[in-house]
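Descriptive analysis of the structure
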Amino acid sequence: MKGDFDEYDIVIVGGGTAGCVLASRLTEDPTLRVLLLEAGGSSVAEPLSSIPSAFNLLFGSSKVFNFYTTLQQHSGGRRHYWPRARMLGGCNFHYGAPSDYDEWARLAGEGAEAWAYKDFHRYVKKFERFIPNKAHATVVAEEHGTDGPVEVGFHGHHSSLTQRFIDSCVRAGLPLSADLNTPRGTLVTYINSRGRRVTTETAYLTSEVLSRPNLIVAVNASVTRVLFDTSESSPRAVGVEFAPTKGGPRYHVRARKEVVLAAGAVHSPHILMLSGVGPAAHLKEHGIPVVTDLPGVGANLLDHPVVDVVLAETSGNSLNYLQPRSVLHHLKRTRDLVRYFLTGGGPFATNVAEAAAFFRSDDPAIFPHESTTLTALDEDSTSGPNAPDLEFLVTPIGYTEMGRGDLPNIDSFGLHMTLLRPTSVGNITLKSSDPFAPPILNPNYISTEHDIAVLERGMAFLTRVMHTSPLADVLDHTEQDRRLGHWLPSASPIQLRAYVRSHLETLYHPTSTARMAPLKNGGVVDTRLRVYGFQNLRVVDASIFPSIVSGHTAAPVIAVAEKASDLIAQDLTRA
């Protein structure tokens, strides 16, 4: 132990998507002294984090936590790679359906009305700065925010393969939506008009914000536990312990008013359990003194699993050369890298997932013929009749296993089917009491018949689109390599299910491990995001989601952090 650090009003643990928002908003009040602790460094100092197409090059590096799940019984008995960012920032693009947030209001219990879409959506508009695009003139700009810190719009590279995908989806039965990020619905990205990836660090921790005398941002500071005063009837969070490395000195920092965990759906429950907050019997197994028995900590883990399909293409528009495997690839990659740094455009500005289609697995308009051959669904897991349970993505780069899979050296692209509303529930538990030992991650992928049946329907639509012009016109239908997906249209139901299980990965969206829900229903935080049974302790990140949204998670996390900033300010005013 090296001793005490300084004292602050609020200590924020985690400088990811939510933490940067909180630090910026809370220090708008000059009387509040705020410390933001981040285990990694700055994303601004890492060039790969700002190039939209380069995020996967960080996998395996010290810039991410290179976690793996337990062996997953229902997805090929594999351990899935689960990278989690280890730097300031974050970001993604789709918000989910309005009914997802109405469902939050129902699940979160008494006093949760303000989490319904009608009220909560203003926090989405608060962070947006929508930039119109002439190529998407039908988008109603008024349905987006215009003066928020996060620049959104239709920026980035758009491959001709992507347009073929969109046209084929429409011909296969999906209606075209001008804007998926409004109550009526093409897809906005967090790529700015200069071709750079936007994170909450670049959007919220601007030079002006960082110059505030009441904000300190400490990097390379891993929080090992929350400190409590247990002398009162309910424990009070009074600070945290952190260290630069496993063998480094431990520091204590005091929080006069609040400790806010914003470390994400993996690290926030991990830190709570290390601090003595979680399932009592499990904590005792690891010799951790129990402060409060909260069984919901680490439970209710949900994630979006995705099935990857790689297809050989003949148009010459594949971007596989961005991950070069030949001299020609290196030459083309160098050419486009120069173009990117000069103009901010070209293939390096691809969002990788360039277009998405959202639909329901029980939509009779999409499945008019297959309804008698597909497995009947045993339940509707969506949040409402207009909410999807499947997302269909196209990438102009073919890949499996997050770019680590063994594939032939050919021009290819990817089709990806995502399960948005899984009924399979996992958990996060401790491996040991060592805060630098990774937690045990068990997402329990596709362990229910419902989940595999929904993905089976999604794959049926995927194979239909494969054979629909104009996408079908550029497929190499003679390709027989079983590592590719050209054989899937003729696969039997048993073969198709086996393919799903062996080609399933994470879409990086874990949620709900410290849910906002009634305590009796496994909740960890109340509707003001306060941890049950504690004073001055909150959680603000994807772990509080009452249920997983039918879209990507970064945008809802930003909105949650915007709302939490208001809640904290209100509560401090009343104190």
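One can find the structure itself at the top, above this paragraph.
So, a few notes on the structure that sits alongside this text. (Residues numbered from 1 in each chain as written. Predicted model: local features only at pLDDT ≥ 70, side-chain atom pairs only at ≥ 80, totals over all residues. Heavy atoms only, no water.)

**Regarding the pairing of strand S2 (residues 34-37)**
- Going residue by residue along S2, you find Val34 and Leu36 tucked away on one face and Leu35 and Leu37 tucked away on the opposite face as well.
- Examined bridge by bridge, S2 and strand S7 (residues 215-218) share 4 bridges and lie parallel to one another. What sits directly across from leucine 37, in S7, is alanine 218. (Buried < 20%, exposed > 50% of the residue type's maximum accessible area, 1.4 Å probe, protein only. Helix = DSSP H or I, 4+ residues; strand = E, 2+ residues; numbered from the N terminus. Pairing = 2+ DSSP bridges.)

**Topic: the nonpolar core**
- Core analysis: the largest hydrophobic core is formed by 137 residues, its most contacted members being Leu22, Leu37, Phe392, Leu415, Met459 and Leu537.
- Setting aside residues no more than four positions away along its own chain, phenylalanine 392 makes contact with Phe165, Cys169, Ala355, Ala356, Ala357, Phe359, Leu415, His416, Met417, Phe461, Leu462 and Val465.
- Counting 8 residues, the second largest nonpolar core, distinct from the first, contains Ile51, Leu319, Tyr340 and Ile397. (Core = buried A, V, L, I, M, F, W, Y, C linked by side-chain atoms within 4.5 Å. Contact = heavy atoms within 4.5 Å.)

**Examining the packing of aromatic side chains**
- In the structure shown here, the tally under the stated rule is 18 aromatic pairs.
- Through pairs of rings, three or more aromatic residues link up here, namely Tyr101, Trp104, Trp115, Tyr117, Phe120, Tyr123 and Phe545.
- Positioned above the aromatic ring of tyrosine 8, the side-chain terminus of arginine 33 is 4.4 Å from the ring centre.
- Against the face of tryptophan 487 rests arginine 482, its NZ or CZ located 3.8 Å from the ring centre. (Phe/Tyr/Trp six-rings, centres within 6.5 Å; stacked < 30°, edge-to-face > 60°. Lys NZ or Arg CZ within 6 Å of the ring centre and 35° of its normal.)

**So, unusual backbone geometry**
- Residues serine 469 and proline 470 are joined by a peptide bond in cis, for which omega reads 10 degrees.
- By the secondary structure assignment, proline 470 is in the loop between helix H11 (449-466) and helix H12 (493-502).
- One non-glycine residue with positive phi stands out, namely asparagine 300, at about 60 degrees.
- Of note, asparagine 300 is situated in the loop between strand S12 (292-293) and strand S13 (305-312).
- Residue classification places asparagine 300 among the partly exposed residues on the basis of a relative accessible area of 24%.
- In this model, asparagine 444 sits at a positive phi of 60 degrees, which is unusual for a non-glycine residue.
- Positionally, asparagine 444 belongs in the loop between strand S18 (440-442) and H11.

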